[in-house]
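Overview (structure and organization)
Listed below are the residues making up each chain.
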Amino acid sequence: MIENYKLLLVEDEPDLCEALVEDLLPLKFEIIQARNGLEAVEILKKDRSIIAVLSDLHMPGMSGLECLKLVRE
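Here the structure is a predicted model, which is why all the values come from computation and not from measurement.

1. Some points on the overall build of the protein chain
- Summing up its helical and strand segments, the protein chain has 3 helices and 3 strands in all.
- The order of α-helices and β-strands along the protein chain, N terminus first, is β-α-β-α-β-α.
- Projected onto its principal axes, the C-alpha positions of the protein chain cover 30 × 25 × 15 Å.
- The proportion of buried residues among the 73 residues of the protein chain is 37%.
- Taking all contacts inside the protein chain whose residues are at least 6 apart in sequence as the whole, residues at least 24 apart take part in 62%.
- When the accessible area of the protein chain is evaluated, it comes to approximately 5,200 Å², of which 54% is carbon and sulfur surface.
- Side-chain charges in the protein chain split into 8 positive and 15 negative, and the spacing between the mean points of these groups amounts to 11 Å.

2. A short note on the sheet that holds strand β1 (residues 6-10)
- One open sheet holds the 3 strands; their spatial order is β2-β1-β3, and the pairing between them is parallel. The open sheet is flanked by β2 (30-34) and β3 (50-55), the only strands paired with a single partner. Going from strand to strand, the sheet's axes swing by 25° on average, the running direction of each strand aside.

3. Focus: the environment of K45
- Among the secondary structure elements, K45 is positioned in helix α2 (residues 37-46).
- For the pair K45 and V71, spaced 26 residues apart in sequence, the C-alpha separation works out to 8.3 Å.

4. Focus: helix α1 (residues 14-24)
- Taken as a whole, α1 has its buried residues at C17, V21 and L24. The arc that holds the buried residues of α1, viewed along the axis, is 70°, so those residues lie on one side. In α1, the exposed positions angled more than 90 degrees off the buried face are occupied by D15, E18, E22 and D23.

Analysis parameters
- Residues numbered from 1 in each chain as written.
- Predicted model: local features only at pLDDT ≥ 70, side-chain atom pairs only at ≥ 80, totals over all residues.
- Heavy atoms only, no water.
- Helix = DSSP H or I, 4+ residues; strand = E, 2+ residues; numbered from the N terminus.
- Buried < 20%, exposed > 50% of the residue type's maximum accessible area, 1.4 Å probe, protein only.
- Contact = heavy atoms within 4.5 Å.
- Areas by Shrake-Rupley, 256 points an atom, 1.4 Å probe, with all protein chains shown as cover.
- Lys, Arg positive; Asp, Glu negative; His and termini not counted.
- Charge placed at Lys NZ, Arg CZ, Asp CG, Glu CD.
- Pairing = 2+ DSSP bridges.
- Axes fitted to C-alpha atoms, helices over the stretch in contact; angles between N-to-C directions.
- Arc of directions from axis to C-beta.

Written out as structure tokens, the structure reads:
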């Protein structure tokens, strides 16, 4: 179990996001959700304690790859 760690989940489909959260709950991560890449970037700018990002690749506005590229910069 990984307790007291934050994971950012980036997913634009509400049903899939809900299912992923349910699947991740046993790991004891604190799960923060973003609905798109732009929201994810803003969250990551404010919260430097997030240790992992799980992102959809195909989202409107900004793809998951574009989002992760910005995060790395």
